[in-house]
Amino acid sequence: VDNGEIDRDSVSLFFNNQLLAEKIELRKGGLVYNISLDEKVASNEVSMFAENLGIIPPNTAMLIIYDGKKRHEVSLTSTLQTNGTIRLKKKGTSTASIQ
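Now for a quick tour of the structure.

Reading the values: the criteria
Residues numbered from 1 in each chain as written. Predicted model: local features only at pLDDT ≥ 70, side-chain atom pairs only at ≥ 80, totals over all residues. Heavy atoms only, no water. Helix = DSSP H or I, 4+ residues; strand = E, 2+ residues; numbered from the N terminus. Buried < 20%, exposed > 50% of the residue type's maximum accessible area, 1.4 Å probe, protein only. Areas by Shrake-Rupley, 256 points an atom, 1.4 Å probe, with all protein chains shown as cover. Phe/Tyr/Trp six-rings, centres within 6.5 Å; stacked < 30°, edge-to-face > 60°. Salt bridge = Lys/Arg side-chain N within 4 Å of Asp/Glu carboxyl O. Pairing = 2+ DSSP bridges.

**A word on the overall build of the chain**
Phase 1 of the analysis: From N to C terminus, the chain includes zero helices and eight strands.
Phase 2 of the analysis: Put simply, the chain runs from its N terminus to its C terminus through helices and strands in the order β-β-β-β-β-β-β-β.
Phase 3 of the analysis: Buried positions account for 33% of the 99 residues belonging to the chain.
Phase 4 of the analysis: Taken as a whole, the chain presents about 6400 Å² of accessible surface, with 48% of it coming from carbon and sulfur.

So, in C-alpha cells, the structure goes:
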C-alpha cells in the first residue's frame, strides 16, 4: 500500500530469519500473525523483503503490533535492494500480535 493506495506490492515476511509468509500481496484488510518472542535473544526481528515493486515503488506497509497492552504502528519500506526490519525487545510480555 503506497500512500493508502493498493498497488500490487508483493512481499515475503520473516520473523527472526525464519519465513513467516512467502510472496504475499499486500492488501488493505491486512494479515494477522500471532508470534511469541524468543526470550533467549536480546531482540527479535520482523523483516519485509520486496518480491516486486508494485505499480508505485517502493513497497510500503503499515505494521501494527499489539504487545498485550498497547498498539504500535510502524511503517516498513523495502525495495529489490533493501529490506524493512523492526527489532522488538521484550518488556513484560512474551507475546505479540502483528498485522
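**A short note on the packing of aromatic side chains**
Phase 1 of the analysis: Within this structure, the stated rule accounts for one aromatic pair.
Phase 2 of the analysis: With a centroid separation of 5.1 Å and an interplanar angle of 80 degrees, the aromatic rings of Phe14 and Phe49 are classed as edge-to-face. With a gap of 35 residues between them, Phe14 in strand E1 (residues 10–15) and Phe49 in strand E4 (residues 44–50) connect regions that are remote in the sequence.

**Quick look at the pattern of salt bridges**
Phase 1 of the analysis: Summed over all chains, the structure comprises two salt bridges.
Phase 2 of the analysis: The partner of Glu45 in a salt bridge is Arg87, with the nearest N and O atoms 2.7 Å apart. Of this pair, Glu45 sits in strand E4 while Arg87 sits in strand E7 (residues 84–88), placing them 42 residues apart in sequence.
Phase 3 of the analysis: Using a relative accessible area of 57% as the deciding quantity, one classes Arg87 as exposed.
Phase 4 of the analysis: For Arg71, the salt bridge goes to Glu73, with nearest N and O atoms at 2.6 Å.

**Notes on the pairing of strand E5 (residues 59–66)**
Phase 1 of the analysis: Along E5, six of the eight residues are buried, which leaves the element largely enclosed by surrounding structure.
Phase 2 of the analysis: Examined bridge by bridge, E5 and strand E6 (residues 71–78) share eight bridges and lie antiparallel to one another. Along E6, the bridge assignment pairs Tyr66 with Arg71.
Phase 3 of the analysis: Between E5 and E6, which follow one another and run antiparallel, lie four residues, and Gly68 among them has a positive phi close to 100 degrees.

Without other data, these values stay purely geometric and don't point to any function.
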